[in-house]
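The primary structure of each chain is shown beneath.
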Amino acid sequence: MYQSFADPQDLEWAENIFHWQKHHLVNPETGFVWDGMNRAGDGSTDKDWKYTYNQGVYIGAAIELYRIKGQAAYLEDARQTFSAAVKELADPQSGILPDEGNGDGGLFKGILVRYAAEWVKADPEVSEAVSFLHRNAERLWESGKGADGALFGTDWSRPPAGIVQLSSQLSGIKLLERMAELSRITGS
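A quick note: this is a predicted structure, and the numbers were derived from the prediction, not measured.

Focus: the overall build of the chain
Point 1. Each helix and strand counted, the chain has 7 helices and 2 strands in total.
Point 2. Counting from the amino terminus, the chain carries its helices and strands in the arrangement α-α-β-β-α-α-α-α-α.
Point 3. In terms of overall dimensions, the chain has a C-alpha envelope of 50 × 45 × 30 Å along the principal axes.
Point 4. Taking all 188 residues of the chain together, 42% fall into the buried category.
Point 5. Partitioning the intrachain contacts of the chain with sequence separation of at least 6 by distance along the chain shows that 56% fall at a separation of at least 24.
Point 6. Accessible surface, the chain as shown: approximately 9900 Å² in total, 51% of it carbon and sulfur.
Point 7. Each charge sign in the chain was given a centre, from 18 positive and 27 negative side chains, and these centres are 4 Å apart.

Listed below in structure tokens is the structure:
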């Protein structure tokens, strides 16, 4: 909102929300973003649910604040969270993002992909993100599309089985779209 309307209160709210999230939901040692608080009704941080979208939303917020304020600390927050997401969530052998199911879960990877690409656009020297996204896009294209070549499921390492929900289709398309955009920018 600040970028659209230049209201200083919008920027203040964005910074407050970001810093609250960093203080309460981000592992200070690794940068991994936990899912939420108080699921069990005890006020504790929920460290059991681990999703790609949490990482993506936080990276996206860091990048937008970097674009507004120009403070490199926001790029470092994005880098740390991206590295933690890869280490914690991607398959250790293949580097492919996890199958997070249908419904809302089908869109989770697309959120991380979108904001990881925004991070690269803000800091084009980020080769680890480019190679990671490229590896996932190659696997999706080689192994994860349906027989008709146009549908993508929740698991990017195999063709979809059954009905393909829009959320998982969007994640696959977002990955391919972002890789096309990044290839123009980075030459990768």
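That covers the picture; the talk isn't over yet.
Here's the deal with the side chain of N27
Point 1. Checked against the element boundaries, N27 lands in the loop between helix 2 (8-25) and strand 1 (36-37).
Point 2. Take N27: its relative accessible area is 18%, and that puts it in the buried class.
Point 3. Not counting chain neighbours up to four residues away, the residues in contact with N27 comprise F32 and W34.

Considerations on helix 5 (residues 105-122)
Point 1. When the terminal C-alpha atoms of helix 5 are compared, their 27 Å separation across 18 residues agrees well with the 26 Å that a helix rising 1.5 Å per residue should span.
Point 2. With 14 of its 18 residues buried, helix 5 lies for the most part within the structure.

Things to note about the confidence of the model for the chain
Point 1. Across the chain, the average pLDDT comes to 95, with 99% of residues at 70 or higher.
Point 2. Put simply, strand 2 (residues 45-46) is where the chain has its lowest mean pLDDT, 90, and helix 3 (residues 52-69) is where it has its highest, 98.

Describing the packing of helix 6 (residues 127-143) against helix 7 (residues 166-186)
Point 1. Relative orientation of the contacting elements helix 6 and helix 7 amounts to 130°, with a least axis distance of 10 Å. For the element pair helix 6 / helix 7, the angle class is oblique. Here the hand of the crossing between helix 6 and helix 7 comes out left-handed. Here V130, L133, H134, N136, A137, L140 and W141 of helix 6 lie close against helix 7, whose contacting residues are G172, L175, L176, M179, L182 and T186.
Point 2. Grouping the constituent residues of the contact of helix 6 with helix 7 by class yields 9 nonpolar, 4 polar and no charged.

Some points on unusual backbone geometry
Point 1. The phi angle at A6 is positive, at roughly 55°, despite the residue not being glycine.
Point 2. Following the sequence through the fold, A6 ends up in the loop between helix 1 (2-5) and helix 2.
Point 3. The residue N38 is not glycine, and still its phi comes out positive at about 70°.

Details of the nonpolar core
Point 1. Core analysis: the biggest nonpolar cluster contains 37 residues, and I59, I63, F82, W119, L133, W156 and L175 have the highest contact counts within it.
Point 2. Broken down by secondary-structure element, the contributors of at least two residues to this core are helix 2, helix 3, helix 4 (72-89), helix 5, helix 6 and helix 7.
Point 3. For this core, the element with the most residues is helix 5, which contributes 8 residues.
Point 4. Leaving out residues up to four positions away in the same chain, F82 has contacts with I59, A116, W119, E128, A129 and F132.

Side note on the pattern of salt bridges
Point 1. One pass over the structure, following the stated rule, counts 14 salt bridges.
Point 2. Two residues, K22 and D77, come together in a salt bridge whose shortest N-O distance is 2.9 Å. A residue pair is termed long-range when its members are at least 10 positions apart, and K22 in helix 2 and D77 in helix 4 qualify at 55 residues.
Point 3. You can call K22 partly exposed: its relative accessible area is 35%.
Point 4. Salt bridges here are not isolated pairs; linked through shared partners, they connect E64, R67, E118, K121, R178 and E181.

Parameters at a glance
Residues numbered from 1 in each chain as written. Predicted model: local features only at pLDDT ≥ 70, side-chain atom pairs only at ≥ 80, totals over all residues. Heavy atoms only, no water. Helix = DSSP H or I, 4+ residues; strand = E, 2+ residues; numbered from the N terminus. Buried < 20%, exposed > 50% of the residue type's maximum accessible area, 1.4 Å probe, protein only. Contact = heavy atoms within 4.5 Å. Areas by Shrake-Rupley, 256 points an atom, 1.4 Å probe, with all protein chains shown as cover. Lys, Arg positive; Asp, Glu negative; His and termini not counted. Charge placed at Lys NZ, Arg CZ, Asp CG, Glu CD. Expected span 1.5 Å × (residues − 1). pLDDT = per-residue confidence, 0-100. Axes fitted to C-alpha atoms, helices over the stretch in contact; angles between N-to-C directions. Parallel < 35°, antiparallel > 145°, perpendicular 65-115°, else oblique. Left-handed = near helix turned anticlockwise from the far one by under 90°. Nonpolar A, V, L, I, M, F, W, Y, C, P; charged D, E, K, R; others polar. Core = buried A, V, L, I, M, F, W, Y, C linked by side-chain atoms within 4.5 Å. Salt bridge = Lys/Arg side-chain N within 4 Å of Asp/Glu carboxyl O.

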